[in-house]
Amino acid sequence: MSTLRIAVVKETAPSERRVALDPDGVKRLLAVGAQVLVETGAGAEAWFGDEAYAAAGAQLLPRAELLAQADLVLSVGPPAEDVLGQLRAGQAYLGLLAPLTNPELVRTLAERGVTMISLDGLPRTLTRAQSMDALSSQASVAGYKAVLVAAEHYDRFFPMLMTAAGTSKPAAVLVLGAGVAGLQAIGTARRLGAVVSGYDVRPAAREEVKSLGAKFLELRAGIAAAGEGGYARELTAEERQAQQSELAEHIARHDIVITTAQVPGRTPPVLVTAETVARMRPGSVVVDLAASRLGGNVEGSVPGQTVLTGNGVRLVGATNLPARMATSASQALSRNMAALVGHLVRDGALAIDLDDEIQRGVVISHRGEVVSPGVAAVVSAGPPVVSSASPSEGQLS
Ligand code: NAD
């Protein structure tokens with residue numbers, strides 16, 4: 001039997017600097033018996049040079065040759081048009097492909113007979129899948145970077161500083177949504193010396209926020225909205241109204257607000273209304289990690305842009321923050337990729353097995369069919385209407 005050839009393509013999406021596999025990942029894939037082909041320059045923007053890949057045992061090739069030879073292609077996000085044009089039946093394509101918001105891509109890959117595998121669908125609560133959890137690894141990077149972005153836009157110190165020129169007050173930071181990204185943001189803001197509060201609708205988040213040394217914001221409305229699989233459920237209209245108006249009081253007395261709230265399968269909830277932003281002090285900063293073309297947590301935030309409001313508040317529509325920490329994000333993603341590939345390969349070949357719980361989550365199309373029931377429902381329903389809980393869709397990015 002011929003050796004499995006795994007190819008790593010260079011990303012071409014605007015501002016995407018990550019790479020799906022780093023040189024360490026090359027070694028991991030060689031260890032499972034695969035041959036690794038890397039597109040020339042694929043890791044350059046994440047500071048992994050071609051020579052490092054070659055030293056790890058990869059073969060460097062131009063894109064067309066690489067795709068012609070590949071059995072499995074690894075990429076961060078969905079394929080570029082030219083890559084898509086070259087994929088053929090029997091090949092597999094693995095990345096963070098946001099299938100729920102990319103039904104057209106799902107249809108195309110299925111029709112072509114390409115096996116589409118997306119890390120977004122991983123069953124995240126399975127212990128054995130944790131090393132493959134790219135949503136968590138990238139959310140963690142996003143949460144960290146969100147604080148640095150906030151600090152960059154904030155014209156004061158984060159810590160309390162006592163100098164001969166006087167004492168600075170510490171920044172008051174509020175993190176709304178205390179999942180993976182939110183908890184990382186809380187920890188990072190604390191390390192920078194801010195006074196930090198966190199809030200979430202899942203009761204389990206209370207202890208997690210406190211364990212990081214932050215204060216948990218208790219609302220009088222007492223909303224408890226744990227959903228399935230550790231996620232939040234969507235709030236009712238009354239709950240949303242109560243939450244927005246009560247949060248407004250707290251938000252107005254904070255200098256920095258970082259929002260990370262998501263509900264799987266729904267557009268992100270609005271936590272910060274335009275009226276609330278109007279109550280904030282000049283110089284305050286709001287970073288909306290949920291900002292995407294599907295909406296965001298903050299009224300008035302624009303994906304990929306920083307808006308200065310009439311009352312002097314900067315609203316940062318933070319999209320794809322992991323791409324702005326390309327080295328660490330790629331290293332983590334590479335580990336996730338290598339762990340999943342290690343799980344998919346049996347006796348030196350891809351062994352698709354839809355009875356396996358992990359594979360059932362990640363394999364979207366196979367042998368010409370959309371095999372993921374959740375994605376099949378969306379694909380047959382037509383144009384996208386839901387958030388896919390994917391970093392590539394701006395959810396944690
Ligand atoms: P997510 O990106 O779906 O959402 C981010 C946060 O927003 C969540 O904590 C959610 O509760 C919160 N949120 C939603 N609506 C809100 C609202 N109206 N107001 C305030 N907050 C709101 O979540 P995530 O970061 O991907 O993680 C979600 C959960 O999954 C967490 O419990 C996390 O610990 C769990 N998780 C578990 C594992 C594991 O078991 N291995 C791995 C990853 C994540």
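Throughout, a residue's number is its position along its own chain's written sequence, starting from 1. Where totals are concerned, whole chains, interfaces and linings use all residues; where local detail is concerned, this predicted model gives features only for residues with pLDDT of at least 70, and gives and counts side-chain atom pairs only at 80 or more. Excluded from the side-chain calculation are hydrogens and water; included are all heavy atoms of the structure.

### A few points about the overall build of the protein chain
Argument step 1. When helices and strands are counted, the protein chain shows 13 helices and 19 strands.
Argument step 2. For 397 residues, the compact-globule formula gives about 21 Å, and the C-alpha radius of gyration of the protein chain, at 22 Å, lands near that figure.
Argument step 3. Seen through its C-alpha atoms, the protein chain measures out along the principal axes to roughly 70 × 50 × 35 Å.
Argument step 4. For the protein chain, the proportion of its 397 residues judged to be buried stands at 54%.
Argument step 5. Contacts are assigned to residue pairs that have any heavy atoms within 4.5 Å of one another. Nonlocal contacts in the protein chain, meaning residues at least 24 apart in sequence, comprise 65% of its contacts between residues at least 6 apart.
Argument step 6. In this count, Lys and Arg are taken as positive residues and Asp and Glu as negative ones, while His and the chain termini are left out. For this purpose, a charge sits on NZ of Lys, CZ of Arg, CG of Asp or CD of Glu. A gap of 6 Å separates the mean positions of the 35 positive and 39 negative side-chain charges of the protein chain. By definition, any uninterrupted DSSP run of H or I lasting at least four residues is a helix, any uninterrupted run of E lasting at least two residues is a strand, and each is numbered from the N terminus. Only C-alpha atoms enter the radius of gyration; for comparison, a globular chain is expected to reach 2.2 Å times N to the power 0.38, where N is the number of residues. Each residue is assigned to one of three classes by its accessible area relative to the maximum for its type, calculated with a 1.4 Å probe on protein chains only: buried under 20%, partly exposed between the two thresholds, exposed over 50%.

### Observations concerning the sheet that holds strand β13 (residues 285-288)
Argument step 1. In this scheme, strands are said to pair when DSSP sees at least two bridges between them. Strand order in this open sheet of 7 strands is β11-β10-β9-β12-β13-β15-β14, and the pairing throughout is mixed. Edge strands, defined here as strands with exactly one partner in the open sheet, are β11 (215-216) and β14 (306-308).
Argument step 2. Its contacts with the sheet put helix α6 (residues 134-153) on β12 (256-259), β13, β14 and β15 (314-317), and the angle it makes with β13 is roughly 150°. Angles run from 0 to 180 degrees between N-to-C directions of axes, and those axes are lines fitted to C-alpha atoms, restricted for helices to the stretch in contact.

### Considering the sheet that holds strand β18 (residues 363-366)
Argument step 1. Taken in spatial order, the 8 strands line up as β3-β2-β1-β4-β5-β6-β18-β19 in an open sheet, and their pairing is mixed. The strands lining the two open edges of the sheet, one partner per strand, are β3 (59-61) and β19 (369-370).
Argument step 2. As paired elements, strand β2 (residues 35-39) and β3 share 3 bridges and run parallel to each other. Within the sheet, the bridge partner assigned to Leu37 lies in β3 and is Gln59.

### Focus: the packing of α6 against helix α7 (residues 180-191)
Argument step 1. Between α6 and α7, whose axes approach to 7 Å, the crossing angle comes to 35°. Remark: the crossing between α6 and α7 carries right-handed chirality. Seen from α6, the contacting residues are Ser136, Ala139, Ser140, Gly143, Tyr144 and Val147; seen from α7, they are Val180, Ala181, Gln184, Ala185, Thr188 and Ala189.
Argument step 2. Amino acids outside the nonpolar list (Ala, Val, Leu, Ile, Met, Phe, Trp, Tyr, Cys, Pro) and the charged list (Asp, Glu, Lys, Arg) are all regarded as polar, and Gly is one of them. Split by residue class, the contact of α6 with α7 holds 7 nonpolar, 5 polar and no charged. Crossings are classed by handedness, with left-handed meaning an anticlockwise turn of the near helix from the far one by less than a right angle and right-handed meaning a clockwise turn.

### Description of the nonpolar core
Argument step 1. Ranked by size, the top nonpolar core spans 53 residues in total, and within it Leu176, Ile258, Val287 and Leu289 carry the most contacts.
Argument step 2. At 6 residues, the largest contribution of residues to this core is made by α6.
Argument step 3. By size, the runner-up hydrophobic cluster in this structure holds 42 residues, among which are Ala20, Val38, Val76 and Met132. Side-chain atoms within 4.5 Å link the members of a nonpolar core, which is a set of buried Ala, Val, Leu, Ile, Met, Phe, Trp, Tyr and Cys residues.

### Here we look at the side chain of Thr188
Argument step 1. Position of Thr188 relative to the elements: it lies in helix α7.
Argument step 2. For Thr188, a relative accessible area of 4% corresponds to the buried category.
Argument step 3. Here the side chain of Thr188 touches Gln184 through a polar contact of 2.7 Å, landing on its backbone oxygen.
Argument step 4. If near-sequence neighbours (up to four positions away) are discounted, Thr188 is found in contact with Tyr144 and Val147. Each polar contact in these results corresponds to two N or O atoms within 3.5 Å; when the atoms are within protein, one needs to be able to donate a hydrogen and the other to accept it, and residues that are neighboring in sequence are counted only if both atoms are side-chain atoms.

### Re the environment of His153
Argument step 1. Mapped onto the fold, His153 is located in helix α6.
Argument step 2. Not counting residues within four places of it along the chain, the set of residues in contact with His153 comprises Val285, Thr306, Arg314 and Val316.

### Looking at helix α5 (residues 103-112)
Argument step 1. For α5, the full list of buried residues reads Pro103, Leu105, Val106, Leu109 and Ala110. All buried residues of α5 project into a common sector of 160° when viewed along the axis, lining one side. Structural note: α5 exposes Glu104 and Glu111 on the side pointing more than 90 degrees away from its buried face.
Argument step 2. Looking at the buried residues of α5, the elements they touch are α4 (81-86), β6 (115-118), β18, β19 and α13 (373-381).
Argument step 3. Just downstream of α5 lies Gly113, where phi reads positive at about 80°. Our arc is simply the arc of the directions from the helix axis toward the C-beta atoms.

### Digging into unusual backbone geometry
Argument step 1. At Ala98, a position not held by glycine, the phi torsion is positive, near 45°.
Argument step 2. Mapped onto the elements, Ala98 comes out in the loop between β5 (92-95) and α5.
Argument step 3. Classification of Ala98 by relative accessible area gives buried; the value is 2%.
Argument step 4. Positive phi, close to 45°, is recorded for Asn320, a residue that is not glycine.
Argument step 5. Position of Asn320 among the secondary structure elements: in the loop between β15 and α11 (326-344).

### Concerning the packing of helix α1 (residues 23-31) against α11
Argument step 1. Remark: α1 packs on α11, axes separated minimally by 9 Å, with the N-to-C direction vectors making an angle of 10°. With respect to each other, α1 and α11 are oriented roughly parallel. Here Asp24, Gly25, Arg28 and Leu29 of α1 lie close against α11, whose contacting residues are Ser334, Arg335, Ala338 and Val341.
Argument step 2. A class-by-class count of the residues in the contact of α1 with α11 yields 3 nonpolar, 2 polar and 3 charged. Note on terminology: angles under 35 degrees are roughly parallel, angles over 145 are roughly antiparallel, angles of 65 to 115 are roughly perpendicular, and the others are oblique.

### So, the pairing of strand β9 (residues 172-176)
Argument step 1. Taken across its 5 residues, β9 has 5 buried, putting it largely inside the fold.
Argument step 2. Of the two faces of β9, the one lined by Ala172, Leu174 and Leu176 and the one lined by Val173 and Val175 are each fully buried.
Argument step 3. In terms of strand pairing, β9 meets strand β10 (residues 195-199) through 5 bridges, oriented parallel. Of the residues in β10, the one forming a bridge with Leu174 is Ser197.
Argument step 4. Read as a crossover between parallel neighbours, the route from β9 over α7 to β10 is right-handed.
Argument step 5. Where β9 lies against β12, 4 bridges are found, and the strand directions are parallel. Paired with Leu176 across the strands is Thr259, a residue of β12. When the strands point away from the viewer and the connection leading from the first strand across the helix to the second strand turns clockwise, the crossover is called right-handed.

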